[in-house]
Amino acid sequence: MVLGVILLSVVGSYVFYALAMAYLPGSISDNWMPSRVELAWIGGTTLAALTLAGWVAVRLSRRILTPLNSVAHSLREIAQGNLQARATLDRHAQGETAQLVHDFNDMAKRLQSVTREREFWNAAIAHELRTPVTILRGRLQGLAEGVFSPDAELFNGLLRQVDGLNRLIEDLRVLSLNDSGHLELDLAPTDVMREVSVVVQAFATRLAARGFQLHIDGDVPIPVVCDAIRIRQALMALLDNALKHAQPGALRVRAHLENGLCSLSVEDDGPGLSPDLAAFVFEAFRRGDPSRARSSGGSGLGLAVVEAIAKAHGGCALCRPSAAGGTVFTLQWPAMGEGSA
Ligand SMILES: Nc1ncnc2c1ncn2[C@@H]1O[C@H](COP(=O)(O)OP(=O)(O)OP(=O)(O)O)[C@@H](O)[C@H]1O
Ligand SMILES: [Mg+2]
């Protein structure tokens, strides 16, 4: 704009005096007082410069001030609790201003989804706690009032509820530590196959009683760097799922090393996951058939914990349908610690 005004006054004046001297030499004043023609030129130039400045100011305010005002307004709305507020982007806005509006809207969207997620978690945790606490309270009240007799069966039932609560608390602890990046691992050189056989032995009786035929695949030893306790915990969650959700049949546990990645998988023969569930199965509180999961006592945290453990190792958790119509759950991580793959 400054360049425009300078050009208008310097080049314009040059042209004006050149024309005036050529065609109207008498119209140029020869003292300090401008002539009428010169006054008209000065007035015209000032008006043109003001119009140019006004036009540029309006465009600038459209490009910068309107989006900034919109961001400021939405910011106030968000501060007052309306997380749906978004800044509007004028079609004239460009460059940094447009980027600012986009960044602000992304931040508002993220804030809204974090808040929704927190509300969902609070509701889900309260829901999961309600059943065991209600059962415990009912039984203890019955005992206190002499309605129930204090026998071993009753106490074992109470213990099962407390164990369930304990597991829920531990799963929530692992997930929240992982979310905040504080899930610390005790990494050490480990033979994965040794850990697999320890876990499988602990499940063997229950699996056999339900009619599963166990097959263990893998070279011995498979040397990797991992937190053995966490890997066992993940494998236990997968075998627990097979017990609770898979139909009796062959159950294959495989471990192998490939391209610096260690893969540990559990494959069952069915019934498999519906595509709807498969896409979100590693999310917390996701359950296939809520009524069936209710009866089996699951909270829907097992696979979220498996994924958290894989991620803490710098790896990932995967699930895919198996050839026999079941599901293969795989835990994968860099065999020599994070960064080796
Ligand atoms: N091997 C499997 N076969 C079929 N469905 C499965 C299998 N493993 C998991 N699922 C489905 O995925 C859902 C989520 O599993 P997840 O382990 O996260 O939760 P859960 O087993 O229901 O509860 P929790 O593990 O907290 O006790 C289960 O409710 C079940 O519907
Ligand atoms: Mg489970």
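Source: prediction; values computed, not measured.

Some details on the sheet that holds strand S7 (residues 327-334)
Phase 1 of the analysis: Spatially, the 5 strands line up as an open sheet ordered S2-S4-S5-S7-S6, and their pairing is mixed. Strands at the two margins of the open sheet, each flanked by one partner only, are strand S2 (213-217) and strand S6 (316-321). Here the average twist between neighbouring strands, direction ignored, is 15°.
Phase 2 of the analysis: Examined bridge by bridge, S6 and S7 share 6 bridges and lie antiparallel to one another.

Thoughts on the layout of surface pockets
Phase 1 of the analysis: A volume near 470 Å³ is recorded for the second largest pocket.
Phase 2 of the analysis: Together, 18 residues line the second largest pocket, and Trp 121, Phe 282, Glu 283, Ala 284 and Glu 307 are the ones closest to its centre.
Phase 3 of the analysis: Residue assignment for the lining of the second largest pocket shows that the elements contributing at least two residues are helix H3 (95-144), helix H4 (152-179) and helix H9 (302-312).
Phase 4 of the analysis: Looking at the lining of the second largest pocket residue by residue, the class counts come to 11 nonpolar, 1 polar and 6 charged.
Phase 5 of the analysis: Three or more residues apiece are contributed to the lining of the second largest pocket by two domains, here domain 2 (124-180) and domain 3 (188-334).

Looking at empty space enclosed by the protein
Phase 1 of the analysis: Considering all chains together, one arrives at 1 cavity of 30 Å³ or more under this definition.
Phase 2 of the analysis: For the largest cavity, the calculated volume is near 30 Å³.
Phase 3 of the analysis: Forming the walls of the largest cavity are Val 192, Glu 195, Val 196, Val 199, Ile 231, Arg 232, Leu 235 and Leu 264.
Phase 4 of the analysis: Those elements that place two or more of their residues in the lining of the largest cavity are helix H5 (192-209) and helix H6 (228-245).
Phase 5 of the analysis: Partitioning the lining of the largest cavity into residue classes produces 6 nonpolar, no polar and 2 charged.

Some points on H5
Phase 1 of the analysis: A rise of 1.5 Å per residue sets the reference length of H5, with its 18 residues, at 26 Å; its end C-alpha atoms lie 26 Å apart and thus fit the reference within 8%.
Phase 2 of the analysis: For H5, the complete set of buried residues consists of Val 192, Met 193, Glu 195, Val 196, Val 199, Val 200, Phe 203 and Leu 207.
Phase 3 of the analysis: Measuring from the side-chain oxygen of the N-cap residue of H5 to the backbone nitrogen of Met 193 gives 3.1 Å; that N-cap residue is Asp 191.
Phase 4 of the analysis: Downstream of H5 by one or two residues, Gly 211 has phi in the positive range, about 95°.

Digging into the packing of aromatic side chains
Phase 1 of the analysis: On inspection of all chains with the given rule, the structure shows 5 aromatic pairs.
Phase 2 of the analysis: For the ring pair Phe 16 and Trp 41, a centre distance of 5.1 Å and an interplane angle of 5° mean the geometry is stacked. On the criterion of sequence distance, the pair formed by Phe 16 in helix H1 (residues 2-23) and Trp 41 in helix H2 (residues 36-79) is long-range, its members being 25 residues apart.
Phase 3 of the analysis: The exposure class assigned to Phe 16 is buried, which follows from its relative accessible area of 15%.
Phase 4 of the analysis: We classify Trp 41 as partly exposed; its relative accessible area is 25%.

What about the domain arrangement of the chain?
Phase 1 of the analysis: In terms of domains, the chain is made up of domain 1 (2-108), domain 2 (124-180) and domain 3 (188-334).
Phase 2 of the analysis: Taken over C-alpha atoms, the centre of domain 2 sits 26 Å from the centre of domain 3.
Phase 3 of the analysis: Taken together, the contact between domain 2 and domain 3 spans 13 residues of the former and 16 residues of the latter.
Phase 4 of the analysis: Between domain 2 and domain 3, a total of about 1,100 Å² is buried, with carbon and sulfur atoms accounting for 58% of that surface.
Phase 5 of the analysis: Taken as a group, Glu 128, Val 174 and Leu 175 account for 39% of the area that domain 2 buries against domain 3, more than any other trio of residues on that side.
Phase 6 of the analysis: One salt bridge connects Arg 167 with Asp 240, and the closest N-O pair in it is separated by 3.6 Å.
Phase 7 of the analysis: Here domain 2 and domain 3 share 1 residue pair in polar contact (both at pLDDT 80 or more) between them.

What to know about unusual backbone geometry
Phase 1 of the analysis: For Asn 259, which is not glycine, the phi torsion reads 50° and is therefore positive.
Phase 2 of the analysis: Relative to the helices and strands, Asn 259 is located in the loop between strand S4 (250-258) and strand S5 (261-267).

A short note on a nonpolar patch on the surface
Phase 1 of the analysis: Where nonpolar side chains cluster on the molecular surface, the patch consists of Met 1, Val 2, Leu 3, Ile 6, Leu 7, Val 10, Val 11, Tyr 14, Val 15, Leu 19, Tyr 23 and Leu 24 and spans about 1,300 Å² of accessible area.
Phase 2 of the analysis: The exposure class of Val 15 is partly exposed, given its relative accessible area of 41%.

Side note on the site of ligand 1
Phase 1 of the analysis: By nearness alone, 19 residues border ligand 1, and Asn 241, Lys 244, His 245, Asp 268 and Gly 288 come closest of all.
Phase 2 of the analysis: Between ligand 1 and the protein, one listed contact pairs an oxygen atom with a side-chain N or O atom of Lys 244 at 2.8 Å.
Phase 3 of the analysis: For ligand 1, the accessible surface in isolation is 600 Å², of which the surrounding protein chains cover 98%.
Phase 4 of the analysis: Residue assignment for the shell around ligand 1 shows that the elements contributing at least two residues are H6 and H9.
Phase 5 of the analysis: Here the shell around ligand 1 takes 3 residues from H6, the largest share from any one element.
Phase 6 of the analysis: Here the shell around ligand 1 is built from residues that sort into 6 nonpolar, 8 polar and 5 charged.

Thresholds applied
- Residues numbered from 1 in each chain as written.
- Chains lettered and ligands numbered in written order.
- Predicted model: local features only at pLDDT ≥ 70, side-chain atom pairs only at ≥ 80, totals over all residues.
- Heavy atoms only, no water.
- Pairing = 2+ DSSP bridges.
- Helix = DSSP H or I, 4+ residues; strand = E, 2+ residues; numbered from the N terminus.
- Axes fitted to C-alpha atoms, helices over the stretch in contact; angles between N-to-C directions.
- 1 Å grid on protein atoms, 1.4 Å probe; cavity = no way out; pocket = protein on both sides within 12 Å on 5 of 7 lines; lining within 4 Å.
- Points joined across faces, edges and corners; volume = space filled by probe spheres on them.
- Nonpolar A, V, L, I, M, F, W, Y, C, P; charged D, E, K, R; others polar.
- Domains from an automatic or database assignment.
- Expected span 1.5 Å × (residues − 1).
- Buried < 20%, exposed > 50% of the residue type's maximum accessible area, 1.4 Å probe, protein only.
- Polar contact = N/O pair within 3.5 Å; in protein donor to acceptor, adjacent residues only side chain to side chain.
- Phe/Tyr/Trp six-rings, centres within 6.5 Å; stacked < 30°, edge-to-face > 60°.
- Contact = heavy atoms within 4.5 Å.
- Buried area = accessible area lost by both parts, 1.4 Å probe.
- Salt bridge = Lys/Arg side-chain N within 4 Å of Asp/Glu carboxyl O.
- Patch = residues over 30% accessible without salt bridge, like charges linked within 9 Å, V, L, I, M, F, W, Y side chains within 5 Å.
- Areas by Shrake-Rupley, 256 points an atom, 1.4 Å probe, with all protein chains shown as cover.
- Near = heavy atom within 4 Å.

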